[in-house]
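Examining the three-dimensional arrangement
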Amino acid sequence: MNTLKTQSDDYFQKNWEIYQKVVVNNYMEHREFSSALYNFLNDYCQTPFSLLELGCGDATLTVQALLNTTIASYTGVDLSGVALEIAKVNMVQIQCEQTFIEDDISKVVEKLAQNQKQSFDVVMTSFVLHHLSLAEKDKVIQQVSHLLKPNGVFVLIDTVLKKEEDREHFINRYLENMYQNWNALSSQDMLMIDNHISTYDFPESQTTFYELAEKHNFVDFKCLYKDTIESAQFLCLYK
Ligand SMILES: C[S@@+](CC[C@H](N)C(=O)[O-])C[C@H]1O[C@@H](n2cnc3c(N)ncnc32)[C@H](O)[C@@H]1O
């Protein structure tokens, strides 16, 4: 049995309603990240472009950003079949070629990079990489570098440590903000999020992401948006 996949489907089903409440109430600033993505795509991709999304979930953030862009093809990857079924429905409003892959992003980027015919103008991921170890993040960024076309971009949206901050400090201040401000959630919802973050979240600093990008031949890096509490960033890593 693929325990990682079973875990993810189980996680997605149990936590789906809670995550939806977080997204609908904009507690992680999905609206601002989506709008920053829309502005970036309109500015940077004025001709038809291909997009690979790693850990697309239900693709809510992406769908809003892709409306009225020149998207020609979209590939969404997620461990959760439940998430992908919802993503397929959400993506109906986007007119482009679409592929959905139910698998681990680490495996998919490796497989796609081996198939040298596959390349993308944009690879993106939002609120997923913090689930990986540093070694796994390194490997994913290396493979994404191989998968991008010349002048391609890796859009990396994720939780990010402040300068000199460690994981414990980050998690404490993130959860403190949640308990104070995420008022639409029940105390049981908050406890589930607390358990999830305390167990599975391993954010890196912006410097670490830029060092990994430099190591894997990205030539420029920009931060296009930071959330209000400085817990998440929209980073662009340019080939
Ligand atoms: C917090 S949600 C983010 C969803 C969406 N990208 C967003 O910004 O709202 C994390 C998603 O990543 C998926 N995921 C986590 N680890 C993964 C992995 N190793 N491979 C593929 N998908 C993964 C989960 O199934 C879930 O859909």
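Residues numbered from 1 in each chain as written. Predicted model: local features only at pLDDT ≥ 70, side-chain atom pairs only at ≥ 80, totals over all residues.

**Details of the pairing of strand β2 (residues 71-78)**
What counts here: Buried, partly exposed and exposed are defined by the number of other C-beta atoms within 10 Å of a residue's own C-beta, namely 20 or more, between the two limits, and 12 or fewer respectively, with C-beta atoms placed from the backbone. Elements are defined by DSSP. Helices are runs of H or I of four residues or more, strands are runs of E of two residues or more, and each kind is numbered from the N terminus. One bridge is not enough; two strands pair if DSSP finds at least two bridges between them. Think of it like this: strands point away, you trace from the first strand over the helix to the second, and a clockwise trace means the crossover is right-handed.
Within β2, six of the eight residues are buried, which leaves the element mostly enclosed by the surrounding structure. Here strand β1 (residues 49-54) runs beside β2; their pairing, made up of six bridges, is parallel. Looking at β2, one finds that Leu 51 is bridged to Tyr 74. Regarding topology, helix α3 (residues 60-66) serves as the crossover connection from β1 to the parallel β2, and that connection is right-handed. Pairing between β2 and strand β3 (residues 97-102): six bridges, direction parallel. Note that in β3 the partner of Tyr 74 across the bridge is Gln 98. Following the chain from β2 across helix α4 (residues 81-90) to the adjacent parallel β3, one finds a crossover that is right-handed.

**Here's the deal with the UniProt feature "domain: Methyltransferase type" (unreviewed entry) in the chain**
Rule in force here: UniProt positions are given in the numbering used here, feature names are shortened, and annotations may be inferred rather than shown by experiment.
UniProt's entry tags residues 52-154 with the feature "domain: Methyltransferase type" (unreviewed entry), counted in the numbering of this structure. End C-alpha to end C-alpha, residues 52-154 measures 10 Å, and it is 40% helix and 30% strand.

**Comments concerning helix α5 (residues 105-114)**
Quick reminder of the rule: Starting at the helix axis, one direction is taken to each C-beta atom, and the arc is that of these directions. By the convention adopted here, residues make contact when the C-beta atoms placed from their backbones lie within 7 Å.
Buried within α5 we find Ile 105, Val 108, Val 109 and Leu 112. The buried side chains of α5 occupy one side of the element, clustering within an arc of 95° when seen end-on. Looking at the buried residues of α5, the elements they touch are β1, β2, β3 and α6 (134-147).

**Describing the site of the ligand**
The criterion, for reference: Any residue qualifies as near a molecule or strand once its backbone-derived C-beta atom lies within 6 Å of it. Only Asp, Glu, Lys and Arg are considered charged, only Ala, Val, Leu, Ile, Met, Phe, Trp, Tyr, Cys and Pro nonpolar, and every remaining residue, Gly among them, polar.
Near the ligand there are 18 residues, and of these Gly 55, Gly 57, Leu 79, Ile 105 and Ser 126 occur at the shortest range. The set of elements that each furnish at least two residues to the shell around the ligand consists of α1 (3-24), α3 and β2. For the shell around the ligand, the residue count by class is nine nonpolar, seven polar and two charged.

**A word on the nonpolar core**
Here is the rule we go by: A set of buried Ala, Val, Leu, Ile, Met, Phe, Trp, Tyr and Cys residues, joined through C-beta atoms within 7 Å, is what we mean by a nonpolar core.
Ranked by internal contacts, the top residues of the largest apolar core, which has 53 residues, are Val 123 and Val 155. With eight residues, strand β5 (residues 148-161) is the largest single contributor of residues to this core. Contacts of Val 123, omitting those with residues within four sequence positions, involve Leu 52, Leu 54, Val 144, Leu 147, Leu 148 and Phe 154.

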